[in-house]
Structure formats: structure tokens, C-alpha cells
Amino acid sequence: MPAWGWALLLLAIAMAIRCRDFGNPVIHVDEEYYLLVGSRMLQGALPYVDLWDRKPVGLFLIFAAIRLLPGDGVLAYQLVATGFAAATAMLVLVGARRLGARPAGAFAAGVAYLLWLSLLSGRGGQSPVFYNLFVAGAAVLTLRLPVLAAARRQGAIIGNGAAACLLAGLAIQTKYTPVGEGAFFGLVHVWYLRKAGGSVVRIGGAASLWALLGVLPTAIIVGLYWLQGPAVFAAFWFSNFASIALRHGYPAAKIAARLAGTAAQLLPFIACAVAAWRHRPRSDETMIAFGWLIAALIAFAMIGAFFDHYALPLMVPLAMIAGPVLGRQRAAIVALLGYGAILFVARVLLVPTDAASARAVAQVMKRYDRDECPFVFAGDSVLYVLADACVPTPYAFPSTLAYDPERGATGIDEAAEVRRVLAGRPPVIVTMDVPFAPWNTDSEAAVAAALRREYRLVASVPREDGHLLAYVRRDRLEAAHR
């Protein structure tokens, strides 16, 4: 089958796997916020100043570009993310073939990548769904190096490295953790340029070029914020590079449970990686792939929270490495994809989407806000998008003000910011009866006191293990019913 045939088939499979969530605004709290920030950037909002977060601007620029498409942005970002996923799966197929996989094994590896995205909270637009494409592209280019070096094509290696490192730079500007993978790709290019007979001067110049291209996207953003003045640059620097160290750690038992759950889901790929290592051909390409996997594991461990979606970048090297094993043993294809299908039914198809709940609360917000800003204290930031509502605080990602892990990590007094918002008497307050993480008790106490004092519960809808609650200020409720 020609390459375009495989690509179309993978796109069709990606659509089939992900279509259940098309239009669902609450697939994951992270991508809800990316959509909110991207939407408001088109209205002049500046990330880290008007809306606070730790992700690089590049990720928000992707969502801002998506918001230029028709609609409220929900279906649009999911369709674009599906295209990115399918393109990454095609690169998995190409990479697996370069590792020696037969066509069936390489195709199964691409399908497995798509399936496991949904199992690891990548059903929508998590950041790795986008940046995995850049990393996979850089990896496929890096896998060309043994052949280029054997032919002593130094100029081709330099051009190859330029493309790979620029792709890595784009990934880093989508999330900072791929910096380790980008550094690995650059070092591999240095090694093979030396093997191709490159001089010390030529290697030094090429390495400098590659490093420059790797940092270029981030350097451009840093420069643009620098030009905005000291206060704006300080906000940018703190959000991107300083605040992460201030987050509270999670209990060891919770970390262990997350790691155990992720390992259980990745078990077939771990088995394939072990088999691939034990029966590896003596090829440079295989060693490059395993070195890349180690770099991806370092990135996985870098932040330390170990949410399941942090394992999404592991899926690209794991799937490529699995390809040759799957090609040699057809039963392995059935076992791996069968395991994934069972998990997909249990973890995706049988779990309610909560889409109707979010849209119902957004309608409450839209009905009662009357051009004042509602306050989503806990729950879903996409409610601001769905309700076309103004945002009363730069710290609109609900966990920032509501949950304990962020206490003291934002550079402000979170409870004081909550009290400031409440002093403005928002017309609607949205919260949860069962929070997604332990409460910031000071913030939660302030909200609870305000709700008792002058709000009435008008909507309680299912949301994961609890309920999304919408409270309307009593005077606003009475005026609406006169």
C-alpha cells in the first residue's frame, strides 16, 4: 500500500476511536483551559498577565489559531487534535519500519498509538497530542542518521539535524518537558556527524546551529515578553520557570497508585520493549530508539506528579519499538490491540461524558450573568467559553485558587484572590460537592460563607464522582423571576 493509503487508513481509525467525544467540552480540565486562553488571546488577553498558567505560549497559540475556525472551538480543537494524532501515528509507522518492522507490525504500532492516547487521557487536546507530532518527526529524522553517516553525507546530516532540532524546539514551546528528548536528538546528530568524518570545526558549527534552532521558538517568546517591560516579563518568567518548584507534592500513596495504574496500561508495550531489547538486531537505529525512550522516561519523571497523561510522550517511542515485535508475531498484535480494546470499553465507552452537565451549567451562567462576570471556583473553566462570559480573575484555571496543591505556588495569596472576586458579588458561582483534589481550605471557606450569605443553588448536575453546582445570587434570581 502506498504511504498515502496508510495515512488515510490511520486517519479513519483515529476518527473512529475519538468520535465519541466530538463536541464534548469536558474531556479533561487541562484542555478546557487551553481553549479558554486561546479564545481570549484573540480578544487581546496576554497569557500569564491576563490569564495565568505554566504552559508555554506555543500551546496557547495553537488553540488561538483553532479558534479562528467556526463554532465555539470545542469540536474544532478536537478535530484538529485528531489530525495531529493521525499524523503522529503515521510517523510511528514510518519509524517502526526504519527499525525493521514488517508492514503489518508497523501499522499495528500506529493503531496502538491512537488507541492508547484515549486510555491515557489523550482523547481530546492534551498538549502531548500536539507536541508528540513534532517529537515523532524529529525522531524519524534522527533514525536516518546511520544511513547518512555510512554514506558520509555530512551536508545531509547537518540539514537533517537542523530540521530535527527545530521540530524539537517547537515541541518545547508546546510543553517544556521535551527538552530532554531534543537534547538527545542533538547529541545523536553530533555523534553521527563525527562518524561521517566531520572535522572538529564543522561539528562545533553544526552543533551550535542545532542548539540555536532548538531554543529559537522559546527565545522568540522570551524576547517578545522582554519587550513588554519588566512587570510583564517578570510575570512570564515566574509562571514559566519559577512557580513549578513551589507546587506541593502529592502523597506517596497517590503517586504509587498513579504509577501502578499507568504501568498496568502500558504493560503490553513494556513486554514488547523487553522482547525487542532481548532479540534486538545489531543496528544503530535500535540503539537510537532505546536511547530516545530513556530520554522520554526522564521527561516523564521530570515534574513528579505522574498523572496518566504525563505518559503520553512515552507512547511514541514505545509504539515504534513495539512495531518489529508485532510484525514477527501476529499473535502479539491480537494480544496488544485486544488488551487495548478491553481497556477502551471499560475506561472510555462505559464512562459518562458529562457533556450535558457542563452545557446545562453554562446556560445558567449565561441566563443570569447580565454582563457581569460569573465565578467558576471549582469545576470546568470551559464554562466561561460556553457561556461567552467574562472572567473575574487571571487565575481562572479552577485548581489554581481552589485546591491545596497550588497553595503558595502562584505568587499570590490564593484565598485573598478568592475574597477579592467574591467582594465583587459575582452573579453566579460554580463549584463542586466532590473536588478533583483536596481543597485549599481557606479559599473553600470563603466561598462557602458567601454562598450561605447571599446565593441559592439552582442547578446540581453529575460531574465525575460528584456534582457540578451552580449558585445564583438571590437578588439576581428574584429580579429574573419578577
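Residues numbered from 1 in each chain as written. Predicted model: local features only at pLDDT ≥ 70, side-chain atom pairs only at ≥ 80, totals over all residues. Heavy atoms only, no water.

Asks: Would you mind going over empty space enclosed by the protein with me for this structure?
Replies: Empty pockets left among the atoms are what a rolling probe the size of a water molecule brings to light. Applying the stated criterion across every chain yields a total of one cavity of 30 Å³ or more. As a volume, the largest cavity reaches approximately 70 Å³. Considering the residues around the largest cavity, the lining is formed by Pro128, Tyr131, Lys175, Thr177, Ala299, Phe300, Ile303, His309, Tyr310 and Pro313. The set of elements that each furnish at least two residues to the lining of the largest cavity consists of α6 (127–142) and α14 (284–302). For the lining of the largest cavity, the per-class residue count stands at seven nonpolar, two polar and one charged. (1 Å grid on protein atoms, 1.4 Å probe; cavity = no way out; pocket = protein on both sides within 12 Å on 5 of 7 lines; lining within 4 Å. Points joined across faces, edges and corners; volume = space filled by probe spheres on them. Helix = DSSP H or I, 4+ residues; strand = E, 2+ residues; numbered from the N terminus. Nonpolar A, V, L, I, M, F, W, Y, C, P; charged D, E, K, R; others polar.)

Asks: Even after reading the chapter, I still don't get the packing of aromatic side chains, so can you show me in this structure?
Replies: Two numbers describe a pair of aromatic rings. These are the distance of the centres and the angle of the planes. Taken as a whole and assessed by the stated rule, the structure comprises 27 aromatic pairs. Measuring from ring centre to ring centre gives 5.6 Å for Tyr48 and Tyr225, while their planes differ by 55 degrees; the resulting arrangement is tilted. Residue Tyr48 is found in the loop between α2 (29–41) and α3 (57–66), and its partner Tyr225 is found in helix α10 (residues 200–226); the two are separated by 177 residues along the sequence. Tyr225 carries the same exposure label as Tyr48, and that label is buried. Seen from their ring centres, Tyr176 and Phe241 are 5.1 Å apart, and the 45 degrees between their planes marks the pair as tilted. In this pair, Tyr176 is assigned in the loop between α8 (154–172) and α9 (179–195) and Phe241 in helix α11 (residues 230–242), connecting sequence segments 65 residues apart. According to the relative accessible area criterion, Tyr176 is buried, its value standing at 18%. Here Phe241 falls in the partly exposed class, since its relative accessible area comes to 34%. Taken together, Tyr48, Tyr176, Tyr225, Trp226, Phe233, Phe236, Trp237 and Phe241 form an aromatic cluster joined through their ring pairs. (Phe/Tyr/Trp six-rings, centres within 6.5 Å; stacked < 30°, edge-to-face > 60°. Buried < 20%, exposed > 50% of the residue type's maximum accessible area, 1.4 Å probe, protein only.)

Asks: What's the story with the packing of helix α1 (residues 3–18) against helix α4 (residues 74–98) in this structure? I'm lost.
Replies: Taken N-terminus to C-terminus, the directions of α1 and α4 make an angle of 135 degrees; their axes are 9 Å apart at the nearest point. On the basis of the axis angle, α1 is oblique to α4. For the pair α1 and α4, the crossing hand works out as right-handed. From α1, Ala3, Trp6, Ala7, Leu10, Leu11, Ala14, Met15 and Arg18 reach across to α4, where they touch Leu79, Ala81, Thr82, Ala85, Ala86, Ala89, Met90 and Leu93. (Axes fitted to C-alpha atoms, helices over the stretch in contact; angles between N-to-C directions. Parallel < 35°, antiparallel > 145°, perpendicular 65-115°, else oblique. Left-handed = near helix turned anticlockwise from the far one by under 90°. Contact = heavy atoms within 4.5 Å.)

Asks: How should I be thinking about the nonpolar core in this particular structure?
Replies: In summary, soluble globular proteins display a tendency toward joint burial of nonpolar side chains. Counting 167 residues, the largest nonpolar core has Tyr113, Trp116, Leu266, Phe269, Met365, Phe375 and Leu383 as the members making the most contacts within it. With near-sequence residues (within four places) excluded, Leu383 lies in contact with Ala358, Val361, Ala362, Met365, Val376, Val430 and Leu468. (Core = buried A, V, L, I, M, F, W, Y, C linked by side-chain atoms within 4.5 Å.)

Asks: How do you make sense of the sheet that holds strand β2 (residues 428–432) when you look at a structure like this?
Replies: Hydrogen bonds between backbone groups are what pair the strands of a sheet, and the pairing can be parallel or antiparallel. With respect to topology, four strands assemble into an open sheet ordered β1-β2-β4-β3, the strand pairing being mixed. With partners counted over all chains shown, the strands left at the sheet margins are β1 (375–376) and β3 (455–463), one partner each. Note: β3 against strand β4 (residues 466–473), eight bridges, orientation antiparallel. Among the inter-strand pairings, Leu457 is bridged to a residue of β4, identified as Tyr471. (Pairing = 2+ DSSP bridges.)

Asks: How should the side chain of Arg476 be read in this particular structure?
Replies: Note that Arg476 resides in helix α22 (residues 474–480). Not counting chain neighbours up to four residues away, the residues in contact with Arg476 comprise Tyr368, Asp369, Arg370, Glu372 and Pro427.

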